[in-house]
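Inside the fold
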Amino acid sequence: GAGVSQSPSNKVTEKGKDVELRCDPISGHTALYWYRQSLGQGLEFLIYFQGNSAPDKSGLPSDRFSAERTGGSVSTLTIQRTQQEDSAVYLCASSPASGNYGYTFGSGTRLTVV
Amino acid sequence: GQNIDQPTEMTATEGAIVQINCTYQTSGFNGLFWYQQHAGEAPTFLSYNVLDGLEEKGRFSSFLSRSKGYSYLLLKELQMKDSASYLCAVGRDDKIIFGKGTRLHILP
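Just so we're clear, the structure is a prediction, and the values are computed from it rather than from any experiment.

1. Re the interface of chain B and chain A
Contact residues are listed per partner, giving 18 residues for chain B and 18 residues for chain A. Roughly 1400 Å² is buried in total at the junction of chain B and chain A, and carbon and sulfur atoms are behind 56% of that figure. Among the residues chain B hides against chain A, the three largest losses belong to Asp94, Lys95 and Phe98 of chain B. Together they make up 38% of the total. At the junction of chain B and chain A, the tally comes to one salt bridge. Among the salt bridges present, the one from Asp56 of chain A reaches Lys95 of chain B, with a minimum N-O distance of 2.5 Å. For the pair chain B and chain A, the interface holds six residue pairs in polar contact (both at pLDDT 80 or more). Mapped onto the side of chain B that touches chain A, the elements with two or more residues apiece are β4 (29-37), β9 (84-92) and β10 (95-98) of chain B.

And the structure:
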């Protein structure tokens, strides 16, 4: 696609439920990054993919968080048993290759856990 | 690990000049970025410095001193549309690590 597409744009969920956030990167971009931005905070790195593999998962805050990428394209970030502290904007970015810092960000998914 | 420090908030007047400072400590440094983020929107790229010195791009300039772990973003001829958060970030390994950002308020 022309840009990085994320869905849904907004998600309200009840505490304890699972959620899936989707990111569709720019066509041909092999690197894909997930960040989280809580209110008034900077972007917190979660995980990145090069192709379908995730060389760096160091930012995932707990084992409730997981992500996958299939076909070297779409990625899904899953949060199990959501907690209120998971409320944040989840941003996805893609770049032509890992180590290429030419990120393009999506518009994000605003997650609210009630 | 890494630390990226920048002021939380700044206020400046339309038409004036403002300098936003950033200090960092990191291993595996691969360049210093500045991003602009308007409220409710995704960050957009402003500048990238990998060598020491000043990079000028229109009204915006960015400076880097690697030995001091220091950068600044200079905004000239401020306009109301420059009201936004400015994120200092460091390239490390294969990703970018962001600071918490400086919220810039522009007064008419």
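2. Focus: the confidence of the model for chain B
Of all residues in chain B, 98% attain a pLDDT of 70 or more, and the chain-wide mean is 94. At the level of individual helices and strands, chain B shows its lowest average pLDDT in strand β1 (residues 2-5) of chain B, which scores 86, and its highest in strand β8 (residues 70-75) of chain B, which scores 98.

3. A look at the sheet that holds strand β7 (residues 65-69) of chain A
Residue and element names in this part refer to chain A. What the four strands build is an open sheet, ordered β1-β3-β8-β7; its pairing is antiparallel. Of all the strands in the sheet, just β1 (5-7) and β7 have a single pairing partner and so form its edges. Across the sheet, the mean angle from the axis of one strand to that of its neighbour is 15°, orientation sign disregarded.

About the cut-offs
- Residues numbered from 1 in each chain as written.
- Chains lettered and ligands numbered in written order.
- Predicted model: local features only at pLDDT ≥ 70, side-chain atom pairs only at ≥ 80, totals over all residues.
- Heavy atoms only, no water.
- Contact = heavy atoms within 4.5 Å.
- Buried area = accessible area lost by both parts, 1.4 Å probe.
- Salt bridge = Lys/Arg side-chain N within 4 Å of Asp/Glu carboxyl O.
- Polar contact = N/O pair within 3.5 Å; in protein donor to acceptor, adjacent residues only side chain to side chain.
- Helix = DSSP H or I, 4+ residues; strand = E, 2+ residues; numbered from the N terminus.
- pLDDT = per-residue confidence, 0-100.
- Pairing = 2+ DSSP bridges.
- Axes fitted to C-alpha atoms, helices over the stretch in contact; angles between N-to-C directions.

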